[in-house]
Protein chains: 4
Amino acid sequence: MTSEDLAEDLQNADLESTPELEQLYADFAAAHLAPLWTQASEVLTFHPRSDAVPFVWRWNELYPLAARSGDLVPVGRGGERRAIALANPGLGGAPYATPTIWAAIQYLGPRETAPEHRHAQNAFRFVVEGEGVWTVVNGDPVAMRRGDFLLTPGWNFHGHHNDTDAPMAWIDGLDVPLSDHIDIGFFEYGTERVTDEASPDISRSERLWAYPGLRPLSGLDDRVSSPIAAYRWEYTDRAVAEQLLLEDEGHPATVEQGHAAIRYVNPTTGGDVMPTLRAEFHRLRAGTSTPSRHEVGSSVWQVFEGRGAFVVDGVRHEMDKGDLVVVPSWIPWSIEAETEFDLFRFNDGPVIERLGFARTHVVGR
Amino acid sequence: MTSEDLAEDLQNADLESTPELEQLYADFAAAHLAPLWTQASEVLTFHPRSDAVPFVWRWNELYPLAARSGDLVPVGRGGERRAIALANPGLGGAPYATPTIWAAIQYLGPRETAPEHRHAQNAFRFVVEGEGVWTVVNGDPVAMRRGDFLLTPGWNFHGHHNDTDAPMAWIDGLDVPLSDHIDIGFFEYGTERVTDEASPDISRSERLWAYPGLRPLSGLDDRVSSPIAAYRWEYTDRAVAEQLLLEDEGHPATVEQGHAAIRYVNPTTGGDVMPTLRAEFHRLRAGTSTPSRHEVGSSVWQVFEGRGAFVVDGVRHEMDKGDLVVVPSWIPWSIEAETEFDLFRFNDGPVIERLGFARTHVVGR
Amino acid sequence: MTSEDLAEDLQNADLESTPELEQLYADFAAAHLAPLWTQASEVLTFHPRSDAVPFVWRWNELYPLAARSGDLVPVGRGGERRAIALANPGLGGAPYATPTIWAAIQYLGPRETAPEHRHAQNAFRFVVEGEGVWTVVNGDPVAMRRGDFLLTPGWNFHGHHNDTDAPMAWIDGLDVPLSDHIDIGFFEYGTERVTDEASPDISRSERLWAYPGLRPLSGLDDRVSSPIAAYRWEYTDRAVAEQLLLEDEGHPATVEQGHAAIRYVNPTTGGDVMPTLRAEFHRLRAGTSTPSRHEVGSSVWQVFEGRGAFVVDGVRHEMDKGDLVVVPSWIPWSIEAETEFDLFRFNDGPVIERLGFARTHVVGR
Amino acid sequence: MTSEDLAEDLQNADLESTPELEQLYADFAAAHLAPLWTQASEVLTFHPRSDAVPFVWRWNELYPLAARSGDLVPVGRGGERRAIALANPGLGGAPYATPTIWAAIQYLGPRETAPEHRHAQNAFRFVVEGEGVWTVVNGDPVAMRRGDFLLTPGWNFHGHHNDTDAPMAWIDGLDVPLSDHIDIGFFEYGTERVTDEASPDISRSERLWAYPGLRPLSGLDDRVSSPIAAYRWEYTDRAVAEQLLLEDEGHPATVEQGHAAIRYVNPTTGGDVMPTLRAEFHRLRAGTSTPSRHEVGSSVWQVFEGRGAFVVDGVRHEMDKGDLVVVPSWIPWSIEAETEFDLFRFNDGPVIERLGFARTHVVGR
């Protein structure tokens, strides 16, 4: 039975109008009450039906627009960031990529600084190209370079400054749409400039935490979010490359034939980097196609390198370097890699799993 | 610094309009993009600012309206339930008590049956008066009586039937607003009639699970939600009564002087009964006042017995038996008990805590 | 291949004696070193081979001996308790029922008091007959009655006093053999008399904690051990009785056909009552036989009511009310119930599971 | 009050001998019973009093003895390993470093192979000098080099082979004494030769798992033990070096002034590498002294590099490269670093913590 059928049934629930019924409905409205039976079809659906729609944003459109705002819009207190958010066409103009995820391109011109602040919302950055900006998280300067995944967990002060004469742009991901919906937002101003303008190759957090299977004895308490501020490209690249080599050698390593992937995790728990956001990096061999999957929860993918296609809800989208695609909850998706295809993915997986709602359906299995 | 100040600052972010800027904004809109700097004040607030507002619904208005719908609206497939939801005046007419919580009065006439179905959303019922209805959860008939708290965790088939010649009404609580927002809803029809029309005093789930500190060896796997279908009034009443007696005897037992309370929990984990909903029962001695509290997350309270007042955001509301009040996130609230004051409370605490956003501020501490 | 075979192999490891080899072994000894190869058969076995042996103690022998000590041995500081421990014949006279479990009969004469003390070791008591003693745990008097299971988790002060003119005896269970082996013992004296000589029907801990699925809001922090001082017979009896009734009605409830059982649990976690000791109560219908099981870890069973037999390592032991039998690790055991057969069991299950060593083998499955 | 005092008290428990009492004790013995009151002082101590004693083994004695056994004792099935265990002088000649920990030097001559087997007991190896041996864990060849920490969790097949013309020796650590005491041992033979004689620089497990904060999507299930077979010296060295540099720069990083340390952890949980064994690496600056500590649980330390002293129970032991010292439960210990002092430590911390017995006392705090 399809959702349409339910909608159908639910029409049957619409009663013949009578003066008494009209009066009842009027009295409901006056008393701030709403009957279930007239709107059950929106409240109860046979499967998730998101208002968000699948949509693709092209890097070669995004970047020039960001660059133009670099010329026209100053960065500073009040506006806080020169960030331009993906606004899902299904979400009525709200600056939301999905009902739970904020995704934006942020642009910082030569020598510019985005002032420090902190908020309860969790944030990360992913760099598809460029370098030269340091994000300063609680006073720890973190270099941003192509392929790096960088964290700003909730309530950590952070600012950004461009230490070069070239502009830089990257992707921001936050849980703002979810946070706004459930009303958890706190915000506080920090300094106008970043608190430490040093430009080290790696952050203090990495020097303390970023080792395989080693934990500082001074850091034995578990953390809600990962203490690693930057997950460097060299490790991500090597991890997925080795999975494909191990597959070549006949050992289990990949998610499925030709498809390598890692999840960025919190080393104090082995779980997701932050309580509301999951991030992964995927590498598909040229020619690999994945089966079509339905997943509860919404995702955003960005092409890091290579060329291929996403088939979302039956529609094929050619994707190139930097392009972003949104996959709403339960919309079937699959990937076809034309060349070796490197993809960054983030989603609300931890939210769905922690609340007990996770489901996946692989078509044909 | 207040939120108003931030809004103030953010005005400063509004740039002088120029043709280039207008063109840029137009191009953003055409590309389904939205700049942060023009709306940072809505996206980032100094503290939670819910669209939901504090509001009180009166039992002596709710019940007659429910009774009238009993005469005018049949119960059956399609509409599914004769449930009338509290529609928070701040939420634009949606049938939502808060952004995360659905609360409704459900009414079942003599000998009526609400057909079986199941949904991913979690649900419970609380009975402020009456009896005679059995809710049948996965084939297990569960008697509903005054003071009982009853569970229908996600994806359990359930229907209700009134086994008497008198109508009965009760409160339904669900995570529908959250579930709809994050797009996790699944729904399936069950039988038109309840699958078991027996009317036992207690359910099989209670016979297997409802003992203090005893667990069946056949049920050693932890459950996402509590296996206890009904939490009976006799235990709740005794638990809060004993807390007050222990306080009289000089032993720690109550939350604060004159304020006893229990949380309904999942015996397999000791945690909340369901992953998205928390439920508690509170008893205040006559004359007790609580300090004013800010909490992240939204709550609904219903008066079970007695008379008193809720002071919410500085406004005093006299409350009587059956009355319901909504407290949105971070809105300060306190309680004044005129008589001994028994209160049922439910909220989205597990969501807030599992996602790492919990904060509480007790005014003057 | 059997353990004997390994022993056989290992003989082969014994080398032909030469002066050089003898000198090497002498030099090892002088340097406090021991080679693996001469003793691998004790160090590495094909399956657990406990020094402890299956053994049965008869209540009608235990009780009279306890009573005689009541006449000859005072209770007081220094000796601390009039407890007589089961000394497994395989353990060289140590007062240990198994390598991890201490089990003793404790006897308190009319009006006698056992002084207060506390120790890091975890303890419980189980009452197979009699009443009239209150154990006072951290100042909370806990009545002891037939069928009750009572806790004294590590580092809680406790003493016992007999409030009647009749003697009383019960079973003590502790993790002393394990604790002594891993060297964790701490001990502290309390008062000479119990700190509260009241004789209430139920303890304060029960008044605060012993309700099905209810948790005091003043006790939301998880506890390493259960806060319930007494698990009362009325609930245990009803829980197993209902499992058998549910089985009669055709519903899943029992462990296996005719075999009902509950585990005593910590309501704050749903797990075992204490970190080192597991306790269960089993009821078998008359005529029921269980399959033969091998389990890693050692258990002690006591017959609470009824008549039947334990077949341990192929040897059949008729068991009557109060009789105790020890089942060492991996020794196969099964039960045959002649009448309805009520059994109390305790073991080191939490230790085995928390350390990752749990295995079970059901013969013929 | 000291333990001696308790012993004193307990003498008082010794009653004047009478024929009746002697008869009672004789009857206890005949019935395999043991009274508490005659031996409470051994059963209950004011603080842990281990039979194990502090003791030092010298590498320059250990290694030559191992080399001599290399000439006189073949490696092969039956004896299984050429391992020579530290036999704590307090433990009656048992091959146990402490009541929970087995520590041995294992020696493999040129081109020798130790056959494959598996056992429930958990094992690791630490290399203080040399290289050239590959330990093959479940078919995955793992190179062993100076400073590496290598895992063989319970029930993984493993063998070792020396791929060079030089001998190699290393330290084995196992939970054998604990495992034997609680009777959990299983053992199974594997192949006579190692199943894979390749000699790669790094193991497949490292290629899949050993990246900072990255987890293969094919390995999302948590593991009881770490999936990383080798923790390489280069990371350990860098991690402790960076802690000292961060301390120089004025940032929190070390355990205490001049004392850097890491714990080897399971990346799927952030916890200890195996359920029964903890391993750490410590680096003290020249001239650093630690405060004296009492800890529940027993430890073994080995000097990896540098020169200093351990003060254990008030006795000062000069320690040099490769020397091992045992610290029994609750015996106070401190370290004095003469040069920069690198130390490998392993202990039963996970056992003590999982069973709820952890306590630490820092003298003078």
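Cut-off values and rules
Residues numbered from 1 in each chain as written. Chains lettered and ligands numbered in written order. Predicted model: local features only at pLDDT ≥ 70, side-chain atom pairs only at ≥ 80, totals over all residues. Heavy atoms only, no water. Pairing = 2+ DSSP bridges. Helix = DSSP H or I, 4+ residues; strand = E, 2+ residues; numbered from the N terminus. Contact = heavy atoms within 4.5 Å. Axes fitted to C-alpha atoms, helices over the stretch in contact; angles between N-to-C directions. Domains from an automatic or database assignment. UniProt positions renumbered as here; feature names shortened; annotations may be inferred. Least-squares fit on C-alpha atoms with pLDDT ≥ 70 in both. Salt bridge = Lys/Arg side-chain N within 4 Å of Asp/Glu carboxyl O. Buried < 20%, exposed > 50% of the residue type's maximum accessible area, 1.4 Å probe, protein only. Buried area = accessible area lost by both parts, 1.4 Å probe. Polar contact = N/O pair within 3.5 Å; in protein donor to acceptor, adjacent residues only side chain to side chain. Expected span 1.5 Å × (residues − 1). Arc of directions from axis to C-beta. Phe/Tyr/Trp six-rings, centres within 6.5 Å; stacked < 30°, edge-to-face > 60°. Parallel < 35°, antiparallel > 145°, perpendicular 65-115°, else oblique. Left-handed = near helix turned anticlockwise from the far one by under 90°. Nonpolar A, V, L, I, M, F, W, Y, C, P; charged D, E, K, R; others polar.

- An unreviewed UniProt entry lists chain A under the name Cupin domain-containing protein, from Orlajensenia flava.

## Notes on the sheet that holds strand 9 (residues 149–152) of chain C
Here comes step 1: Taken together, seven strands build an open sheet; the order of strands is 14(C)-9(C)-6(C)-11(C)-4(C)-3(C)-1(D) and the sheet is antiparallel. Edge strands, defined here as strands with exactly one partner in the open sheet, are strand 14 (230–231) of chain C together with strand 1 (33–35) of chain D.
Here comes step 2: Across four bridges, strand 6 (residues 123–126) of chain C lies against strand 9 of chain C in antiparallel orientation. Counterpart to C:Arg125 in the pairing with strand 9 of chain C is C:Leu150.
Here comes step 3: Across the sheet, helix 4 (residues 59–72) of chain C touches strand 3 (83–86), strand 4 (102–108) and strand 11 (168–174) of chain C together with strand 1 of chain D, and the angle it forms with strand 4 of chain C is around 50°.

## Some thoughts on the arrangement of the chains
Here comes step 1: Regarding chain A and chain C, the two do not touch, and the least distance separating their C-alpha atoms is 17 Å.
Here comes step 2: Here chain B and chain D are not in contact; the least distance found between their C-alpha atoms is 17 Å.

## Looking at the domain arrangement of chain A
Buried accessible area, meaning the area lost when the parts come together, often serves as the stated size of an interface.
Here comes step 1: Domain assignment breaks chain A into domain 1 (3–43), domain 2 (60–219) and domain 3 (231–362).
Here comes step 2: Look at where the C-alpha atoms of domain 1 of chain A and domain 3 of chain A centre, and you get two points 42 Å apart.

## Here we look at the sheet that holds strand 8 (residues 140–145) of chain D
Residues and elements named next belong to chain D.
Here comes step 1: Taken together, five strands build an open sheet; the order of strands is 8-7-10-5-12 and the sheet is antiparallel. A single partner strand is all that each edge strand has here, and the edge strands are strand 8 and strand 12 (187–189). Between one strand axis and the next, the sheet turns through 25° on average, direction left out of account.
Here comes step 2: Pairing of strand 7 (residues 131–137) with strand 8 involves six bridges; the strand directions are antiparallel. Its bridge partner being in strand 8, Val137 is matched across the sheet by Asp140.

## A short note on the UniProt feature "domain: Cupin type-2" (unreviewed entry) in chain A
All names here are of chain A.
Here comes step 1: What UniProt calls "domain: Cupin type-2" (unreviewed entry) maps, in this numbering, to residues 106–172 and 287–340.
Here comes step 2: With 0% helix and 61% strand, residues 106–172 has its two end C-alpha atoms placed 7 Å apart.
Here comes step 3: Here residues 287–340 runs as 0% helix and 54% strand, with 8 Å between its end C-alpha atoms.

## Some details on the relation of the copies chain D and chain C
Here comes step 1: With an RMSD of 0.0 Å, the operation that places chain D on chain C is a rotation of 180° combined with a shift of 0.0 Å along the axis. As the rotation angle and translation indicate, the two copies are arranged about a two-fold axis. Residue D:Arg354, judged by its C-alpha, is the member of chain D lying nearest the rotation axis, at 3.2 Å.
Here comes step 2: Counting the interface residues of chain D, we find that 99% of their copies in chain C are interface residues as well, pointing to one common contact surface.

## Remarks on the pattern of salt bridges
Here comes step 1: Following the criterion strictly, the structure yields 130 salt bridges over all chains and no others.
Here comes step 2: Where A:Arg283 meets A:Glu340, a salt bridge forms, and the shortest distance between an N and an O atom there is 3.8 Å. Here A:Arg283, found in strand 16 (residues 278–284), pairs with A:Glu340, found in the loop between strand 22 (333–337) and strand 23 (341–347); they are 57 residues apart in sequence, far enough to count as distant.
Here comes step 3: Exposure remark for A:Arg283: the relative accessible area of 6% places this residue in the buried category.
Here comes step 4: Note that D:Asp342 and D:Arg283 form a salt bridge whose closest N and O atoms lie 2.6 Å from each other.

## Here we look at the interface of chain D and chain A
Here comes step 1: With 40 residues of chain D in contact, the opposing surface of chain A contributes 40 residues.
Here comes step 2: Here chain D meets chain A over a buried area of about 3,500 Å², counting both sides, of which 64% is carbon and sulfur.
Here comes step 3: Three residues, D:Arg207, D:Pro212 and D:Leu217, lead the burial of chain D against chain A; their summed loss comes to 20% of the area buried on that side.
Here comes step 4: One can count four salt bridges joining chain D with chain A.
Here comes step 5: At the boundary of chain D and chain A, one finds 16 residue pairs in polar contact (both at pLDDT 80 or more).

## Side note on helix 2 (residues 19–30) of chain B
Residues and elements named next belong to chain B.
Here comes step 1: Its 12 residues give helix 2 an end-to-end C-alpha distance of 16 Å, which sits within 8% of 16 Å, the value for a rise of 1.5 Å per residue.
Here comes step 2: Taken as a whole, helix 2 has its buried residues at Leu21, Leu24 and Phe28. Looking straight down helix 2, one finds its buried side chains confined to an arc of 55°; they lie on one side. Every exposed residue of helix 2 that faces more than 90 degrees away from the buried side is listed here: Pro19, Ala29 and Ala30.
Here comes step 3: In the stretch just after helix 2, His32 is the one whose phi turns positive, near 55°.

## Considering the packing of aromatic side chains
Here comes step 1: If you walk through the whole model with that rule in mind, you get 103 aromatic pairs over all chains.
Here comes step 2: Judged by centre distance (5.7 Å) and plane angle (45°), the ring pair of C:Phe149 and C:Phe344 falls under tilted. On the criterion of sequence distance, the pair formed by C:Phe149 in strand 9 and C:Phe344 in strand 23 (residues 341–347) is long-range, its members being 195 residues apart.
Here comes step 3: Ring centres of D:Tyr231 and D:Tyr264 lie 5.5 Å apart, and the angle between their planes is 80°; this geometry places the pair in the edge-to-face category. Placement of D:Tyr231 in strand 14 (residues 230–231) and of D:Tyr264 in strand 15 (residues 259–264) is noted, with a sequence separation of 33 residues between them.

## Observations concerning the packing of helix 2 (residues 19–30) of chain C against helix 4 (residues 59–72) of chain D
A packed helix pair is summarised by two numbers, namely the angle formed by the two axes and the spacing between the axes.
Here comes step 1: Two elements in contact, helix 2 of chain C and helix 4 of chain D, have axes separated by 11 Å at closest approach and are oriented at 155°. Considering their axes alone, helix 2 of chain C and helix 4 of chain D lie roughly antiparallel with respect to each other. Of the two possible hands of crossing, helix 2 of chain C and helix 4 of chain D adopt the one that is left-handed. Along the contact surface, helix 2 of chain C presents C:Glu20, C:Leu21, C:Gln23, C:Leu24, C:Asp27 and C:Phe28, while helix 4 of chain D presents D:Leu65, D:Arg68, D:Ser69 and D:Leu72.

## Some remarks on the environment of A:Gly78
Here comes step 1: Residue placement: A:Gly78 occurs in the loop between helix 4 (59–72) and strand 3 (83–86).
Here comes step 2: Separated by 208 residues in sequence, A:Gly78 and A:Ala286 have C-alpha atoms that sit 46 Å apart.

## Things to note about the relation of the copies chain D and chain A
Here comes step 1: When chain D is brought onto chain A, the operation consists of a screw motion whose angular component is 180° and whose axial shift is 0.0 Å, with 0.0 Å RMSD remaining.
Here comes step 2: Looking at the interface residues of chain D, 100% of them are also at the interface in chain A, so both copies use one shared face.

## As for the interface of chain D and chain C
Here comes step 1: Counting residues at the interface gives 86 residues for chain D and 85 residues for chain C.
Here comes step 2: Here chain D packs against chain C, burying approximately 7,300 Å² in sum over the two surfaces, 71% of which is carbon and sulfur.
Here comes step 3: Of all residues in chain D, the largest losses of buried area upon contact with chain C belong to D:Asp183, D:Phe186 and D:Phe357, amounting jointly to 10% of the total for that side.
Here comes step 4: Our count for the chain D to chain C interface comes out at two salt bridges.
Here comes step 5: Residue D:Arg68 pairs with C:Asp27 through a salt bridge whose shortest N-O separation is 2.8 Å.
Here comes step 6: Linking chain D with chain C are 24 residue pairs in polar contact (both at pLDDT 80 or more).
Here comes step 7: When residues of the side of chain D that touches chain C are assigned to their parent elements, the largest contribution, seven residues, is made by helix 5 (residues 176–182) of chain D.
Here comes step 8: Split into classes, the residues belonging to the side of chain D that touches chain C amount to 52 nonpolar, 19 polar and 15 charged.

## Brief notes about unusual backbone geometry
Here comes step 1: Positive phi values are uncommon outside glycine, yet A:Asn138 reaches one of about 50°.
Here comes step 2: Mapped onto the elements, A:Asn138 comes out in the loop between strand 7 (131–137) and strand 8 (140–145).
Here comes step 3: Relative accessible area serves as the criterion here: at 44%, A:Asn138 is assigned to the partly exposed category.
Here comes step 4: Here the phi dihedral of B:Glu80 falls at roughly 75°; this positive angle occurs in a residue that is not glycine.
Here comes step 5: With respect to the helices, strands and loops of the structure, B:Glu80 is situated in the loop between helix 4 (59–72) and strand 3 (83–86).

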